[in-house]
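These are the residues of each chain, in order.
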There are 2 protein chains.
Amino acid sequence: MKFRKILTIGVVEGTVDEEHWKKIDTLAEERVSLSKGSPDVMKHLRTTDCLLVNPFQMPIEKKHIDAAPSLKYIGAFSTAYGKIDYAYAETKGITVCNIPGFSTEAVAEFAFALILEHIRDIEHSKQLARQGDFSEVAKIPVYEIKGKSFGVIGLGRIGSRIAELAMAFGANVYYWSRTRKPDMENKGIKYQEISSLLSSCDFISINLALSKDTEVFMNGARINKIKHGAVFINLAPNELVDFDVLERRLVNNDIVYIADHTDEMNPEIVKRLSKYKGCILYPPLGFATKEAHVLKQDVFVGNVENFLKGKPTNKVN
Amino acid sequence: MKFRKILTIGVVEGTVDEEHWKKIDTLAEERVSLSKGSPDVMKHLRTTDCLLVNPFQMPIEKKHIDAAPSLKYIGAFSTAYGKIDYAYAETKGITVCNIPGFSTEAVAEFAFALILEHIRDIEHSKQLARQGDFSEVAKIPVYEIKGKSFGVIGLGRIGSRIAELAMAFGANVYYWSRTRKPDMENKGIKYQEISSLLSSCDFISINLALSKDTEVFMNGARINKIKHGAVFINLAPNELVDFDVLERRLVNNDIVYIADHTDEMNPEIVKRLSKYKGCILYPPLGFATKEAHVLKQDVFVGNVENFLKGKPTNKVN
């Protein structure tokens, strides 16, 4: 079985490679690829039965679904699918699939790259070696993950993997999550109330997905609970954090904040926070490994193939 | 029981803290602390029964032992004790103790700090974020440890811990060692002949102690066997590596060499190698964590106490 017409919106050439485009093109008689905001979107929706979309480029609302009477499948080129009205799609018998977990390993390894960079003063010491200056090396205060308390907020795929790696490094690992996770507790990862996790952990990694419930999860009260001297790492959305209160902790230089997704932050806030020694910002490189890139495309195309075979994978509605 | 006179040589104030000096001072009626090369060394050896020494500052030879007829104990302020004539000491009934493994965790974590720094392009991407420049971020080639082959040469304490962490990261881990290690093989760490390890592994960590047998272990033939594109990390002594042949690989930019102990390298060689993109040098910060520093002193003093109690620990002869 094949689709009649695949419409792609905002899935640009650079993000899907030639090999995967070729596979996609075997799955329909015709493919039309539009960029976000193209004036032809509504016209092509009328005749498409398969929509492949980057929802961050182009949210899919009721009006788009209503405009596409033949639509059977929406494939999100992302893990998050909140910007697709998947519930409404369901009422129309449209299957929505996403790409969960392609970046789990990439982000979890990145978390330890950034933590270790900080606690071993890597950038600075690399510069000292380049200059051949070893006079102050003995005075650089570096420390270990082993034996520290390591708290993970949110035990989804990424949070769980970070917790496992923290265990492997010999940390005492705690988590907070809306629901208890007996599997992880069996691995020795202990549940803690959010406020005691914040006030007791030396490392805190936040790995919540963004939703109405989690927006500004790290509000003023919670940020103020973070243990003096702790390292707080956020590879999740910026919207989880109240930057005004965070700044007050950074002014006092009593916590360290490490984050990527700097590109999605308000540049004014980046400028303000960057001046604090305890604020270490990175570009959005957590998910960007070669391996994650390939896996993402494999799952994206595989979802379409599996739907056509009558065995949809990663269906979210 | 107490010693009559503790003589310390090359164990400087900065490396042992006040608290530990206080403990040491409870273990003898008298303490004399000399720096290396002091003209008083031979005089004080005549009356000392306990010698505490940094053998890298001051090797202990037959003549020193012969000069110390009351000597009962030599404590090395180091893991390595090859610079103390421990075999001759044994013939005189002198116990020699060292400080094994105080830096195992510190060095193993450092290895992953440096590997991750390289494969996630941390220094560079940190600079991009600081500049607010995200235009080229998608083109930065970053990759994962997971699924790669990871070879460890030498499965002592540090090599074993690095192998375990590589397993936790999801690498396929291989080792070469003079003797097979069934315990590690049971954990899934597979033995490989040195030449196939070198030619097949994506990451290679050398963790051999320096001895006459291991000097220039990474000779020309072995360096030339290293897989194209591999990352070769050396947190062990520089003397294990033939830098001339290494340079030829670096000229071709077909391997990456990461090392610390840059302070102990010939500055001319540092200058020559530093210009290659694939050569990443660090100061000697592997063992230098706060935790290792405390543990080292604890074991150093504990060894003396245990000897006095008649239950010597970490005796090497």
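Residues numbered from 1 in each chain as written. Chains lettered and ligands numbered in written order. Predicted model: local features only at pLDDT ≥ 70, side-chain atom pairs only at ≥ 80, totals over all residues. Heavy atoms only, no water.

### As for the relation of the copies chain A and chain B
For these two chains of identical sequence, chain A goes onto chain B by a turn of 180° and a shift of 0.0 Å along the axis, with RMSD 0.1 Å. Interpreted geometrically, this transformation is the action of a two-fold axis. Most of the interface of chain A is mirrored in chain B, where 100% of its interface residues again form contacts. (Least-squares fit on C-alpha atoms with pLDDT ≥ 70 in both. Contact = heavy atoms within 4.5 Å.)

### Observations concerning the interface of chain A and chain B
Each side of the interface is counted separately: chain A has 47 residues, and chain B has 47 residues. Interface area, chain A with chain B, both sides summed: about 4,100 Å², of which 62% is carbon and sulfur. Broken down residue by residue, the surface that chain A buries against chain B is led by Glu 109, Arg 120 and Lys 126 of chain A, which jointly contribute 16%. Scanning the region where chain A abuts chain B turns up 10 salt bridges. Where chain A meets chain B, there are 26 residue pairs in polar contact (both at pLDDT 80 or more). For the side of chain A that touches chain B, the element with the most residues is helix H5 (residues 104-119) of chain A, which contributes 10 residues. (Buried area = accessible area lost by both parts, 1.4 Å probe. Salt bridge = Lys/Arg side-chain N within 4 Å of Asp/Glu carboxyl O. Polar contact = N/O pair within 3.5 Å; in protein donor to acceptor, adjacent residues only side chain to side chain. Helix = DSSP H or I, 4+ residues; strand = E, 2+ residues; numbered from the N terminus.)

### A word on the side chain of Glu 117 of chain B
By secondary structure assignment, the location of Glu 117 of chain B is in helix H5 (residues 104-119). A distance of 3.0 Å separates the side chain of Glu 117 of chain B from the backbone nitrogen of Glu 123 of chain B, its partner in a polar contact. Aside from chain neighbours lying at most four places away, what touches Glu 117 of chain B is Ile 122 and Lys 126 of chain A together with Ile 122, Glu 123 and Tyr 282 of chain B.

### A word on the packing of helix H11 (residues 243-251) of chain A against helix H12 (residues 267-274) of chain A
Residue and element names in this part refer to chain A. Running from amino to carboxyl end, H11 crosses H12 at an angle of 15°, the nearest separation of the two axes being 10 Å. For the element pair H11 / H12, the angle class is roughly parallel. When the axes of H11 and H12 are compared, the crossing they make is left-handed. Facing H11, whose interface residues are Phe 243, Asp 244, Leu 246, Glu 247 and Leu 250, H12 presents Ile 269, Arg 272 and Leu 273. Its residues assigned to classes, the contact of H11 with H12 comprises five nonpolar, no polar and three charged. (Axes fitted to C-alpha atoms, helices over the stretch in contact; angles between N-to-C directions. Parallel < 35°, antiparallel > 145°, perpendicular 65-115°, else oblique. Left-handed = near helix turned anticlockwise from the far one by under 90°. Nonpolar A, V, L, I, M, F, W, Y, C, P; charged D, E, K, R; others polar.)

### Re the packing of aromatic side chains
Residues and elements named next belong to chain B. On inspection of all chains with the given rule, the structure shows 29 aromatic pairs over all chains. Their ring planes at 20° and their centres at 6.2 Å tell us that Tyr 143 and Phe 203 sit as a pair that is stacked. One end of the pair, Tyr 143, is in the loop between helix H6 (122-131) and strand S6 (149-153); the other, Phe 203, is in strand S9 (residues 203-206), with 60 residues separating them in the sequence. Judged by relative accessible area, which is 19%, Tyr 143 ranks as buried. When its relative accessible area of 1% is taken as the criterion, Phe 203 is described as buried. Taking 6.3 Å as the distance between ring centres and 80° as the angle between the ring planes, the aromatic pair formed by Phe 243 and Tyr 257 counts as edge-to-face. Of this pair, Phe 243 sits in helix H11 (residues 243-251) while Tyr 257 sits in strand S11 (residues 256-259), placing them 14 residues apart in sequence. (Phe/Tyr/Trp six-rings, centres within 6.5 Å; stacked < 30°, edge-to-face > 60°. Buried < 20%, exposed > 50% of the residue type's maximum accessible area, 1.4 Å probe, protein only.)

### Overview of the confidence of the model for chain A
For chain A, per-residue confidence averages 95 on the pLDDT scale, and residues scoring 70 or more make up 100% of the total. Across the interface, the model reports ipTM at 0.90; the global pTM reads 0.91. (pLDDT = per-residue confidence, 0-100.)

### A short note on helix H7 (residues 157-168) of chain A
The end-to-end C-alpha separation of H7 of chain A is 17 Å, in line with the 16 Å expected for 12 residues at 1.5 Å each. Listed in full, the buried residues belonging to H7 of chain A are Gly 159, Ser 160, Arg 161, Ile 162, Ala 163, Leu 165 and Ala 166 of chain A. (Expected span 1.5 Å × (residues − 1).)

### Here we look at the pattern of salt bridges
Tallying each qualifying case throughout the model produces 31 salt bridges over all chains. Of the charged contacts, one joins Asp 25 of chain A and Arg 31 of chain A as a salt bridge, the two residues approaching to 2.7 Å between their closest N and O atoms. The salt bridge involving Glu 123 of chain B is made with Arg 130 of chain A; its shortest N-O contact spans 2.9 Å. Of the two residues, Glu 123 of chain B sits in helix H6 while Arg 130 of chain A sits in helix H6 (residues 122-131), which places them in two different chains. For Arg 130 of chain A, a relative accessible area of 52% translates into the label exposed. Residues joined by salt bridges that share partners form a network here, namely Glu 105, Arg 161, Glu 164 and Lys 187 of chain A together with Lys 146 of chain B.

### Digging into the sheet that holds strand S8 (residues 190-191) of chain A
Strands pair in a sheet through their backbones, by hydrogen bonds, and they do so in one of two ways: parallel or antiparallel. All names here are of chain A. Strand order across the open sheet formed by seven strands is S8-S7-S6-S9-S10-S11-S12, with parallel pairing between neighbours. Lying at the two open borders of the sheet, with one neighbouring strand each, are S8 and strand S12 (279-281). Two strands pair when backbone bridges link them, and strand S10 (residues 231-234) and strand S11 (residues 256-259) are joined in this way by four bridges, in the parallel orientation. Residue pairing in the sheet places Ile 233 in a bridge with Ile 258 of S11. Sitting on the sheet, H7 is in contact with strand S6 (149-153), strand S7 (172-176) and strand S9 (203-206), with an inclination near 170° to S6. (Pairing = 2+ DSSP bridges.)

### Here's the deal with a negative patch on the surface
Together, Glu 215, Glu 239, Asp 263 and Glu 264 of chain A give the surface a local cluster of negative charge. Structurally, Glu 215 of chain A can be placed in the loop between S9 and helix H10 (220-225). (Patch = residues over 30% accessible without salt bridge, like charges linked within 9 Å, V, L, I, M, F, W, Y side chains within 5 Å. Areas by Shrake-Rupley, 256 points an atom, 1.4 Å probe, with all protein chains shown as cover. Lys, Arg positive; Asp, Glu negative; His and termini not counted. Charge placed at Lys NZ, Arg CZ, Asp CG, Glu CD.)

### A few points about the pairing of strand S7 (residues 172-176) of chain B
All names here are of chain B. Within S7, four of the five residues are buried, which leaves the element mostly enclosed by the surrounding structure. Direction of pairing for S6 relative to S7: parallel, over a ladder of five bridges. Paired with Phe 150 across the strands is Val 173, a residue of S7. Inspection of the sheet shows S7 paired to strand S8 (residues 190-191) by two bridges, in the parallel sense. In the strand pairing of S8, Tyr 175 is matched with Tyr 191.

### With respect to the sheet that holds strand S4 (residues 73-76) of chain B
Residues and elements named next belong to chain B. In space, the five strands of this open sheet follow the order S2-S1-S3-S4-S5, with parallel pairing throughout. Each end of this open sheet is capped by a strand with a single partner; those strands are strand S2 (28-34) and strand S5 (95-97). The sheet shows a mean angle of 15° between the axes of neighbouring strands, taken without regard to direction. Against the sheet, helix H1 (residues 18-25) contacts strand S1 (3-9), S2 and strand S3 (50-53), and its axis sits at roughly 130° relative to S2. On the sheet, helix H13 (residues 290-308) packs against S1, S3, S4 and S5 and is oriented at approximately 160° with respect to S4.

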